[in-house]
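Chain and residue survey
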Amino acid sequence: MSITKQSFPYYKLKKGENLKTIAEKFNVDSTQILLINNLTPKHIKEGIFIKIPQK
C-alpha cells in the first residue's frame, strides 16, 4: 500500500491579505472563494481559514 500526498485545501489568511490578493495568488475568481466558504467580503480577515477551490 502506498501513501499519496494530498494537498491541504485550506489557507490561513495573513496580515495585510484581502480577497483580491488571495484570488490573484491562487489564480481563482474571488466570487468563487466567497461562495465555497459561504462568506461575505466583510468576513475575510486575518487569521481565518478559507477553502481554496482545487483545479
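See the structure printed just above.
The sections below set out a description of the structure shown in this document. (Residues numbered from 1 in each chain as written. Predicted model: local features only at pLDDT ≥ 70, side-chain atom pairs only at ≥ 80, totals over all residues. Heavy atoms only, no water.)

Locating Asn37 in the fold gives a position in helix α2 (residues 30-37). Using a relative accessible area of 17% as the deciding quantity, one classes Asn37 as buried. At 2.7 Å, the side chain of Asn37 forms a polar contact with the backbone nitrogen of Lys51. Contact partners of Asn37, with chain neighbours within four places excluded, come to Ile50 and Lys51. (Helix = DSSP H or I, 4+ residues; strand = E, 2+ residues; numbered from the N terminus. Buried < 20%, exposed > 50% of the residue type's maximum accessible area, 1.4 Å probe, protein only. Polar contact = N/O pair within 3.5 Å; in protein donor to acceptor, adjacent residues only side chain to side chain. Contact = heavy atoms within 4.5 Å.)

The next subject is the nonpolar core. As a rule of thumb, soluble globular proteins bury nonpolar side chains together. Among the nonpolar cores identified, the biggest contains 11 residues, and these are Tyr11, Leu13, Leu19, Ile22, Ala23, Val28, Ile33, Leu34, Ile44, Ile50 and Ile52. If you tally residues by element for this core, the top one is helix α1 (residues 19-26), at three residues. Excluding residues within four positions of it along the chain, Ile33 makes contact with Leu19, Ile22, Ala23, Val28, Ile50 and Pro53. (Core = buried A, V, L, I, M, F, W, Y, C linked by side-chain atoms within 4.5 Å.)

Packed helices, taken two at a time, are described by the angle their axes make and the gap between the axes. With their axes 9 Å apart at the nearest point, α1 and α2 run at an angle of 105° to one another. Judged by the inter-axis angle, α1 sits roughly perpendicular to α2. Within the contact between the two elements, α1 uses Leu19, Ile22 and Ala23 and α2 uses Ser30, Ile33 and Leu34. Its residues assigned to classes, the contact of α1 with α2 shows five nonpolar, one polar and no charged. (Axes fitted to C-alpha atoms, helices over the stretch in contact; angles between N-to-C directions. Parallel < 35°, antiparallel > 145°, perpendicular 65-115°, else oblique. Nonpolar A, V, L, I, M, F, W, Y, C, P; charged D, E, K, R; others polar.)

Keep in mind that these numbers describe shape and distance, not what the molecule does.
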